[in-house]
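So you can see what is in the structure, the chains are spelled out below.
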2 protein chains.
Amino acid sequence: MNQNHLNEYVKLIEEQLCEFIPKENVMQEDVIKAMRYSLLAGGKRIRPILVLEFCRICGGDVKAAMPFACAVEMVHTYSLIHDDLPCMDNDDMRRGHPSNHKVFGEDIALLAGDALLTMAFDIMLSDETVKQVGAQRASKAAGILAKAAGVHGMVGGQVIDLMSEGKSISVETLKQMDEYKTGALISAAVSMGCVLGGADNVQIKAAEIYARNIGLAFQIVDDILDVVSNTEILGKPVGSDSQNNKCTYVSLMGFDNAKNAVNKLTEEAVSALDCFGEQAKCLIEFAEKLASRKK
Amino acid sequence: MNQNHLNEYVKLIEEQLCEFIPKENVMQEDVIKAMRYSLLAGGKRIRPILVLEFCRICGGDVKAAMPFACAVEMVHTYSLIHDDLPCMDNDDMRRGHPSNHKVFGEDIALLAGDALLTMAFDIMLSDETVKQVGAQRASKAAGILAKAAGVHGMVGGQVIDLMSEGKSISVETLKQMDEYKTGALISAAVSMGCVLGGADNVQIKAAEIYARNIGLAFQIVDDILDVVSNTEILGKPVGSDSQNNKCTYVSLMGFDNAKNAVNKLTEEAVSALDCFGEQAKCLIEFAEKLASRKK
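All of these numbers come straight from a predicted model, not from anything done at the bench.

A.B. asks: What am I meant to see in the overall build of chain A here?
C.D. replies: In terms of regular secondary structure, chain A is built from 16 helices and two strands. Over its C-alpha trace chain A gives a radius of gyration of 18 Å, about what one expects of a compact globule, namely 19 Å for 295 residues. Along the first, second and third principal axes, the C-alpha set of chain A runs to 50 × 50 × 35 Å. Sequence separation of at least 24 residues holds for 73% of the intrachain contacts in chain A that already meet a minimum separation of 6. When the accessible surface of chain A is split by element, carbon and sulfur atoms take 48% of a total near 12300 Å².

Written out as structure tokens, the structure is:
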């Protein structure tokens, strides 16, 4: 994706996220601060970018898709806050900053996560949003997100992760876990963009292949970076996966095979977009950018 | 509400809840068990009953409203699971049984709550449901639930509760907290029923007054029962509020004033339903039943 186009999206997304979270409210001040803290802590904004760009190349209105883009990012952020809690991964750091519960306490972190998940649906289904995109598309897109975030999607992947802890698992199980844990939400973002843009069936199929391939490539790159990057760039300790005895694509496939897999998946993602022609240029660059990222 | 009519609703609601939660899935078995454990642990099913009955008296199709009734109960159940967690109220018991995290562990309990909240939106926005009730009503009803469950509703009330802990608060603050914490969801249930039944503005206004009054009466009765009931009937230790130094309506208003307030609120709830005529008979009995309940 063209860097300017990408930066423009990120700017719009962050402005909009900032606007959706209420600023002042004496009573609920603490939880709102906690919501803002994690939601506006940077991040690559991959999921909302995918919503907006797929909406655009399918011929939809990017501005009207913004609440849906923000909703996916809210769901992603809630999952990070809950994942970091002591009863889950017990991570003190996230994106180079203390994790939410380290700053606000476990109780507020839990509620901030709950509130972000709930707010995602609130903004997608507000009277204003429904008026903009129509009830049919709004309910369809919100329904896609609900399915992807649930027990047969992201939460399900989290459960598989918990169950696999300390066990040696196969590449296949790892893939399946990631397909639920992170792939489902990336696929949802892409599908939501398609729905909001009024995509036809050929476009939806192509978008799904793109999503599945970049989703898996993204996870493998994460594992590679855990081995080769340095703590400063990554914002978390390097080598933490192997220290935690976690099965990774690198530990299971070997370093070179993992790198080759990323290239192959990215190629498949790119070629899936043939049906979009010139319009897909940005999404092709985006896939390549994700594959070659250093953090 | 006529006892037979009520029992019929409860039976239908519980059958439907049971059906919505997937039964078998090796990978996510633990979290599904945890979801079922809390969702099917009895409870009064007040919120789903209100969805169904308001839908009916406004002229809607009760069967089509069922996913929305179940969704409200899922949101209610998720909030109980998260409330009981050690980082929140740290309650070992709920409805006479060990609380979710005591049985399944904190990690699974957290995820079961997340999954129930997400599933609520999944079932309201599924293709099947949208086809049944129409996208306009589905998105409107789901949007009402999202707003009521969020930071300006249930979660917000939870935050006020946390912030008030150990402090002496006024009756007004306690009322405000309960309006968010439990009132919002009860009002949402009623409004959703109205939307699904195609209510007019007069009906919606009347239903809102009913909801606000029975919601507050419900909370006051809870506090009264904490003083006068016994552990066996209540399913939790009697007097736990005063032992925990919690401000209650009884401690703030005195016992007799609290009882009088319940009666007054219930009367106001009942008279608000005048515009529904004979049709409101069940809802009138329901309000009276809630006011005179022993657990």
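A.B. asks: What exactly am I supposed to notice about the interface of chain A and chain B here?
C.D. replies: A common measure of how large an interface is: the accessible area buried when the components associate. At the junction of the two partners, chain A supplies 50 residues and chain B supplies 50 residues. Summed over both sides, the interface between chain A and chain B buries roughly 4200 Å², with carbon and sulfur atoms accounting for 71% of that surface. Considering only the side of chain A, the residues that lose the most area to chain B are M27, Q28 and V151 of chain A, jointly responsible for 14% of the buried surface there. If you look at where chain A meets chain B, you find four salt bridges. Between D122 of chain B and K147 of chain A there is a salt bridge, and its shortest N-O distance comes to 3.0 Å. At the boundary of chain A with chain B, the tally comes to six residue pairs in polar contact (both at pLDDT 80 or more). Of all the secondary structure elements, the ones that give two or more residues to the side of chain A that touches chain B are α2 (29-39), α4 (62-84), α6 (106-124), α7 (127-133), α8 (135-149), α9 (154-164) and α10 (171-197) of chain A. For the side of chain A that touches chain B, the leading source of residues is α6 of chain A, giving 12 residues.

A.B. asks: Looking at this structure, I do not really get helix α6 (residues 106-124) of chain B. What am I missing?
C.D. replies: In an α-helix, one full turn covers 3.6 residues, which means residues spaced three or four apart are oriented alike. Its 19 residues give α6 of chain B an end-to-end C-alpha distance of 28 Å, which sits within 8% of 27 Å, the value for a rise of 1.5 Å per residue. Taking burial as the measure, the 19 residues of α6 of chain B include 17 buried ones, the bulk of the element.

A.B. asks: Before we go on, may I ask you to explain the state of the cysteines in this structure?
C.D. replies: The bond known as a disulfide is covalent and runs between the sulfur atoms of two cysteines. Residues and elements named next belong to chain A. With the rule as written, the count across this model stands at zero disulfides over all chains. No disulfide involves C275; its nearest neighbouring cysteine sulfur is the one of C58, lying 8.5 Å away. On the accessibility criterion, C275 (41% relative accessible area) is partly exposed.

A.B. asks: It is not clear to me how the pattern of salt bridges should be interpreted in this structure. Could you clarify?
C.D. replies: A side chain of one charge can pair with a side chain of the opposite charge if their charged atoms are brought near each other. Residue and element names in this part refer to chain A. A complete count under the given rule lists 26 salt bridges over all chains for this structure. Note that E53 and R56 form a salt bridge whose closest N and O atoms lie 2.8 Å from each other. Of this pair, E53 and R56 both sit in helix α3 (residues 46-57), three residues apart, which is roughly one turn of that helix. With a relative accessible area of 26%, R56 lands in the partly exposed category.

A.B. asks: I tried to follow the relation of the copies chain A and chain B on my own but got confused; where do I start?
C.D. replies: Mapping between the two copies of the chain is achieved by a rotation about an axis and a shift along the axis. The transformation that overlays chain A on chain B combines an axial shift of 0.0 Å with a rotation of 180°, and the residual RMSD is 0.0 Å. Put plainly, the chains are arranged around a two-fold axis. A shared binding surface is used by both copies, with 100% of the interface residues of chain A retained as interface residues in chain B.

A.B. asks: Which parts of the structure should I look at to understand the packing of helix α10 (residues 171-197) of chain B against helix α11 (residues 201-228) of chain B?
C.D. replies: Helix-helix packing is described using two parameters, namely the angle between the two axes and the distance between the axes. Residues and elements named next belong to chain B. In the contact formed by α10 and α11, the axes pass within 8 Å of each other and the chain directions differ by 140°. In terms of axis orientation, α10 runs oblique to α11. For the crossing formed where α10 meets α11, the hand is right-handed. Judged by residue contacts, K175, D178, T182, I186, S187, V190, S191 and C194 of α10 engage Q203, I204, A207, E208, A211, R212, I214, G215, L216 and Q219 from α11. Grouping the amino acids of the contact of α10 with α11 by side-chain chemistry returns eight nonpolar, six polar and four charged.

A.B. asks: Would you mind going over the side chain of D161 of chain B with me for this structure?
C.D. replies: Turning to its location among the elements, D161 of chain B is positioned in helix α9 (residues 154-164). Each residue touching D161 of chain B, except ones within four places of it in the same chain, is listed here: M177 and K181 of chain B.

A.B. asks: Would you mind showing me how to read the packing of aromatic side chains here?
C.D. replies: Aromatic ring pairs are defined here through the distance separating the ring centres and the angle between the ring planes. Residues and elements named next belong to chain A. Across all of its chains, the model carries seven aromatic pairs over all chains by this definition. Consider the rings of F54 and F276, whose centres lie 6.2 Å apart with planes at 75°: the pair is edge-to-face. Linking F54 in helix α3 with F276 in the loop between α15 (255-272) and α16 (281-291), this pair joins segments that are 222 residues apart in sequence. Comparing F54 with F276, the two get one shared label, buried. An aromatic cluster is present here, built from F54, Y210 and F276 joined pairwise through their rings. The ring of F218 carries R293 above its face, with NZ or CZ at 3.9 Å from the centroid.

A.B. asks: In this structure, what is going on with the packing of helix α1 (residues 3-20) of chain B against helix α4 (residues 62-84) of chain B? I would like to understand it.
C.D. replies: Residue and element names in this part refer to chain B. Remark: α1 packs on α4, axes separated minimally by 10 Å, with the N-to-C direction vectors making an angle of 70°. Between α1 and α4, the angle falls in the class roughly perpendicular. On α4, the residues that touch Y9, L12, I13, Q16, L17 and F20 of α1 are V62, M66, P67, C70, E73 and M74. Residues of the contact of α1 with α4, tallied by class, amount to 10 nonpolar, one polar and one charged.

A.B. asks: Would you mind showing me how to read the nonpolar core here?
C.D. replies: Note on soluble globular proteins: their nonpolar side chains tend to be buried together. Membership of the largest hydrophobic core comes to 181 residues, with the highest contact counts inside it found for L50 and F54 of chain A together with L50 and F54 of chain B. Non-local contacts of L50 of chain B, meaning those with residues more than four positions away in its chain, are made with I186, A189, V190, Y210, I214, L283 and F286 of chain B.

A.B. asks: It is not clear to me how the environment of K167 of chain B should be interpreted in this structure. Could you clarify?
C.D. replies: Residue and element names in this part refer to chain B. Here K167 lies in the loop between α9 and α10. As for K167 and K246, which are separated by 79 residues in sequence, their C-alpha atoms are 8.5 Å apart. Polar side-chain contacts of K167 include one of 3.0 Å to the backbone oxygen of M163.

How each quantity is defined
- Residues numbered from 1 in each chain as written.
- Chains lettered and ligands numbered in written order.
- Predicted model: local features only at pLDDT ≥ 70, side-chain atom pairs only at ≥ 80, totals over all residues.
- Heavy atoms only, no water.
- Helix = DSSP H or I, 4+ residues; strand = E, 2+ residues; numbered from the N terminus.
- Rg over C-alpha atoms; globule rule 2.2 N^0.38 Å.
- Contact = heavy atoms within 4.5 Å.
- Areas by Shrake-Rupley, 256 points an atom, 1.4 Å probe, with all protein chains shown as cover.
- Buried area = accessible area lost by both parts, 1.4 Å probe.
- Salt bridge = Lys/Arg side-chain N within 4 Å of Asp/Glu carboxyl O.
- Polar contact = N/O pair within 3.5 Å; in protein donor to acceptor, adjacent residues only side chain to side chain.
- Expected span 1.5 Å × (residues − 1).
- Buried < 20%, exposed > 50% of the residue type's maximum accessible area, 1.4 Å probe, protein only.
- Disulfide = S-S within 2.5 Å.
- Least-squares fit on C-alpha atoms with pLDDT ≥ 70 in both.
- Axes fitted to C-alpha atoms, helices over the stretch in contact; angles between N-to-C directions.
- Parallel < 35°, antiparallel > 145°, perpendicular 65-115°, else oblique.
- Left-handed = near helix turned anticlockwise from the far one by under 90°.
- Nonpolar A, V, L, I, M, F, W, Y, C, P; charged D, E, K, R; others polar.
- Phe/Tyr/Trp six-rings, centres within 6.5 Å; stacked < 30°, edge-to-face > 60°.
- Lys NZ or Arg CZ within 6 Å of the ring centre and 35° of its normal.
- Core = buried A, V, L, I, M, F, W, Y, C linked by side-chain atoms within 4.5 Å.

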